[in-house]
Amino acid sequence: MAEKGPVKAAERLAPTDEELDRTPPLPLVVWAARCAAYFLALGGIMLVSFFFYGFDTDPQSFPPGFRLNPLQAGVNFIWGAVGTAIGFFRPRFATAFVLAFAAFYTLVASLGTFAGSALGMELGTPAKVFYWVVVAGAWAVGLRALLKKPRRAV
C-alpha cells in the first residue's frame, strides 16, 4: 500500500549568476522610500523613550539627534512605517510616497524655519537643517522618477 501524506512540491533552485545579472536593479526612488526606515527607527526609539520617561520629558535632555518632542516622534514614526512598508513590499507606490513625503516635510521645514513652529513641533536649528537636506533629496529623487521616461525593451 502506498502511504498517503502531504505532497512535496519541487524545491526551487537558487538563481544562477547569469539570472541574477539579468535582474534589473531597483530604481533609486524605491531605495529612497526604504530610507524611511530611519524615520521609523528614530520615531520608535523616541516614542518608547517617552513612554518610559513620560511625555512631559524635556527633549533637550536626550542626546543630539534624538531631541524630538513626542509629536515629532509620532509623525516620524508614521511616515517611517508607511515608507518602509512601501519600499519593501509595495515598490510601485514609491514615487507617490516620496513626493508626498517631500511635500509634507517641505511644509514642516518651512513652518519650522519661517514661523518658528511646525504644526506644533518646536524645531531646533539642527532639525531644520536636517529636514531641509532630506526635503531636497526627496524632491530630487521623486521628481527624477516622475519625469523619467520608461525604457523600452529592445
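Note that the coordinates shown come from a computational prediction; the quantities given were computed from them, not determined experimentally.

A. Region of the structure containing the overall build of the protein chain. Per the secondary structure count, the protein chain includes six helices and zero strands. The buried share of the protein chain, taken over its 154 residues, is 32%. A sequence separation of at least 24 residues applies to 64% of the contacts in the protein chain between residues at least 6 apart. Carbon and sulfur atoms provide 68% of the accessible area of the protein chain, an area that totals close to 10800 Å².

B. Just helix 6 (residues 125-147), in detail. The end-to-end C-alpha distance of helix 6, which contains 23 residues, comes to 33 Å, matching closely the 33 Å that a straight helix rising 1.5 Å per residue would cover. Along its buried surface, helix 6 packs onto helix 2 (28-34), helix 3 (37-53), helix 4 (70-89) and helix 5 (94-115).

C. The nonpolar core, seen in detail. Ranked by internal contacts, the top residues of the largest apolar core, which has 23 residues, are Phe-97, Phe-101, Tyr-105 and Tyr-131. At the level of secondary structure, the elements contributing two or more residues to this core comprise helix 2, helix 4, helix 5 and helix 6. If one sorts the elements of this core by residue count, helix 5 sits on top with eight residues. For Phe-101, the contacting residues outside a window of four places in its chain are Phe-39, Trp-79, Val-134 and Ala-138.

D. Structural view of the side chain of Ser-49. Tracing the chain through its elements places Ser-49 in helix 3. With a relative accessible area of 15%, Ser-49 lands in the buried category. Reaching out from Ser-49, the side chain makes a polar contact with the backbone oxygen of Ile-45 at a distance of 2.9 Å. In this view, Ser-49 contacts Gly-54 and Phe-62; residues no more than four positions away in its chain are not counted.

E. Molecular detail of the packing of aromatic side chains. What the rule picks out here adds up to 19 aromatic pairs. Here Phe-39 and Phe-130 contribute two aromatic rings whose centre-to-centre distance is 5.9 Å and whose plane-to-plane angle is 35 degrees, an arrangement assigned as tilted. Note that Phe-39 is positioned in helix 3 and Phe-130 in helix 6, a separation of 91 residues in sequence. The exposure class of Phe-39 is buried, given its relative accessible area of 4%. Judged by relative accessible area, which is 32%, Phe-130 ranks as partly exposed. The interplanar angle of 45 degrees and the centroid separation of 4.6 Å between the aromatic rings of Phe-101 and Tyr-105 together place this pair among those described as tilted. In this pair, Phe-101 and Tyr-105 are both assigned in helix 5, four residues apart and thus about one turn of the helix distant. Each member of the pair, Phe-101 together with Tyr-105, is buried. One aromatic cluster is present, formed by Tyr-38, Phe-39, Trp-79, Phe-97, Phe-101, Phe-104, Tyr-105, Phe-130 and Tyr-131 through successive ring pairs.

F. Summary view of a nonpolar patch on the surface. Where nonpolar side chains cluster on the molecular surface, the patch consists of Trp-139, Leu-143, Leu-146 and Leu-147 and spans about 400 Å² of accessible area. Assignment of secondary structure puts Leu-146 in helix 6.

G. Examining the side chain of Gln-72 more closely. As for its placement among the helices and strands, Gln-72 is situated in helix 4. Here Gln-72 is in contact with Arg-67, Met-121, Glu-122, Leu-123, Ala-127 and Tyr-131, once residues within four sequence places are set aside.

H. Structural view of helix 3. If you check helix 3, its first and last C-alpha atoms are 24 Å apart, about what 17 residues at 1.5 Å a residue would give, namely 24 Å. Buried residues in helix 3 make contact with helix 4, helix 5 and helix 6. One or two positions beyond helix 3, positive phi appears at Gly-54, with a value near 105 degrees.

What counts and what doesn't
Residues numbered from 1 in each chain as written. Predicted model: local features only at pLDDT ≥ 70, side-chain atom pairs only at ≥ 80, totals over all residues. Heavy atoms only, no water. Helix = DSSP H or I, 4+ residues; strand = E, 2+ residues; numbered from the N terminus. Buried < 20%, exposed > 50% of the residue type's maximum accessible area, 1.4 Å probe, protein only. Contact = heavy atoms within 4.5 Å. Areas by Shrake-Rupley, 256 points an atom, 1.4 Å probe, with all protein chains shown as cover. Expected span 1.5 Å × (residues − 1). Core = buried A, V, L, I, M, F, W, Y, C linked by side-chain atoms within 4.5 Å. Polar contact = N/O pair within 3.5 Å; in protein donor to acceptor, adjacent residues only side chain to side chain. Phe/Tyr/Trp six-rings, centres within 6.5 Å; stacked < 30°, edge-to-face > 60°. Patch = residues over 30% accessible without salt bridge, like charges linked within 9 Å, V, L, I, M, F, W, Y side chains within 5 Å. Salt bridge = Lys/Arg side-chain N within 4 Å of Asp/Glu carboxyl O.

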